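# Structural overview
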Amino acid sequence: SPTPTLETTPSLTASPTPKPEPTPSPTPSPTPPPGPLMECKLNCYGESATPVPLPGGNGNGVSAASKSVCRDFCNSVSECEAFVYGNGMCFGKKDVRTSKCQVGGGYITEMVSVMPYGTCTLMGDPHILPFDNPNGLMGDITQIEGGDYWLLKSDDLQIQARFGFSSRFPAESSTMGIAVYGSLIQNHHLVVEYVGPAKGYQGFKVLWDGMDFLGGSFPQTFTGTNGILKAKLANMNPQDFHDQARHTIGGTSGDLPSYLFELAPDIRIYMLIGEETVNVVLTLRRPSAAGGIDGYCGNFNCQPEDDTMTAIHGRGVAGKIVTGSLFDGAPALPEANSEQQGGGLEKLEDCPQGLMEQAEKACEKEPDGMKKACMFDVCASGDVSVAEEDLAASAVSEEMQGKSELLGFLSLPPFFRATLPRQVQLGCGFVLVLLVSVGLALGWKSKRRSARAAGFMHVLTADESSGEDDEEALLPSAEYDAMDNI
């Protein structure tokens, strides 16, 4: 039979492998501008901050429909670290010093890229004015027990105070030492404390990483490792650092033996030297560590009401340090300064009636915020003369208050500041100075002066204001020289 013919199977032509469509690269989202680091119900004008001109302005501020618009203006200028906003006006700022800002008035100051400077003061036996209550508008914190305590506790900076008992305040503690450590100062260690038996600066010891310095001759200076520390022992005016810095140990006038320590970055510690004690003025840029800060100097959040003794105890940072003292390894206080003599005055209400009456009379001219502190000093020491130093400090506050009010009076409303040439503004300022001088000669007193308290000027509320005063009170930027870095 015939052989069957096999049909060939046609070969399949392979289809080309489809190439995947390229995935378009996503359009990167624009980096959002930094948000606020901290907002304070403060009006930081004049010497409390350095003006930064914003787009469309000449240093006198620009109109802004909202706080967020004001923030955008600030973010668009590399030099702008913060802004003041209120009444539809926006003012760029840098190097904000909250201790010199004015409270309230419908203005806020927002820190955009850098934290502000603040001041914490220890004075007398000891009264502590935290960062958020730097001039004692809400009274003070009084610690009368001896020992080592936290002033500032954060992840990158630790500052402690040593309290002991002096011949003037044998039953209530006073500040006798300061210790500083932390990664912010490259883990260097500063200790200053009274060791006796000599009185005054000759009885104090200063240690930098365990090395004794600033001893012996007077005056003298010292520069530490890599420029991290600059130190000075010399006669200085306490009121150059704080209006209340003379409190109980500084007399009423003149330069006095003092320490000044400048620690990089942005930390300054002034110490007025008494016979056995010191008054301390601590000024620094707020550490921005994620863990926050706390201690007797407060949490530096622009809310003074949460820095009372009760609040600090509640946060667990008011107790005596049992372990981990920064004074470990340094000499101990003399025995006489370590032991309390007598029961101590725990609260003002315990003051004997006769002495209380003397204290009230001696301190009657003190501002309301500091009057109780003055009375406590008189009652604790049994010496009415201690009130004189408190009153002298308040007199300086009165003088500074007058200057602040004058600057406030000289300011022009935002509309005029934005439209008048600078020469015209200055001309108006000189005319106003003349009018003020005439008014003072006739015995005129500002209606707001009676409302002042320890260096802050009262701001008229919206209901009180007649519209004639501008609460921002900014003169042209050229009128304010940039302050020192600290």
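The structure this text deals with has already been given above.
Everything in this summary refers to the structure shown in the same document. (Residues numbered from 1 in each chain as written. Predicted model: local features only at pLDDT ≥ 70, side-chain atom pairs only at ≥ 80, totals over all residues. Heavy atoms only, no water.)

### Things to note about the sheet that holds strand 22 (residues 278-285)
The strand order 11-10-9-22-21-20-19-18 describes an open sheet built from 8 strands, whose pairing is antiparallel. Either end of the sheet is taken by a strand with one partner, and the two such strands are strand 11 (141-142) and strand 18 (220-223). Strand direction decides the pairing type here: strand 21 (residues 267-273) and strand 22, joined by 7 bridges, are antiparallel. Of the residues in strand 22, the one forming a bridge with isoleucine 269 is leucine 282. (Pairing = 2+ DSSP bridges. Helix = DSSP H or I, 4+ residues; strand = E, 2+ residues; numbered from the N terminus.)

### Section: the pairing of strand 13 (residues 158-164)
On a regular strand, each side chain points to the face opposite its neighbour's, so the side chains alternate between the two faces of the sheet. Of all the 7 residues making up strand 13, 7 are buried; the element is thus mostly covered by neighbouring parts of the structure. Of the two faces of strand 13, the one holding Gln158, Gln160, Arg162 and Gly164 and the one holding Ile159, Ala161 and Phe163 are both buried throughout. The sheet contact formed by strand 12 (residues 147-153) and strand 13 spans 6 bridges and is antiparallel. Within strand 13, the residue paired with aspartate 148 across the bridge is arginine 162. Turn length for the strand 12-strand 13 hairpin, with the two strands adjacent in sequence and antiparallel, is 4 residues. Alignment of strand 13 against strand 14 (residues 174-182), held across 7 bridges, turns out to be antiparallel. By the bridge assignment for strand 14, glycine 164 is matched with serine 174. (Buried < 20%, exposed > 50% of the residue type's maximum accessible area, 1.4 Å probe, protein only.)

### Thoughts on the packing of aromatic side chains
For the coordinates displayed, the defined rule picks out 9 aromatic pairs. Taking the centre distance of 5.9 Å and the plane angle of 85° together, the rings of tyrosine 149 and tyrosine 296 count as edge-to-face. You can see tyrosine 149 sitting in strand 12 and its partner tyrosine 296 sitting in the loop between strand 22 and helix 2 (309-314), a full 147 residues away along the chain. By the burial criterion, tyrosine 149 is buried, and tyrosine 296 matches it. Ring geometry for phenylalanine 204 against tyrosine 259: centres 6.5 Å apart, planes inclined by 70°, an arrangement best described as edge-to-face. Here phenylalanine 204, found in strand 16 (residues 204-208), pairs with tyrosine 259, found in strand 20 (residues 256-263); they are 55 residues apart in sequence, far enough to count as distant. Of the two residues, phenylalanine 204 and tyrosine 259, neither departs from the other in class, the shared state being buried. An aromatic cluster is built from Tyr194, Phe204, Tyr259 and Phe261, whose rings are joined through pairwise contacts. (Phe/Tyr/Trp six-rings, centres within 6.5 Å; stacked < 30°, edge-to-face > 60°.)

The values are spatial; any link to function lies outside them.
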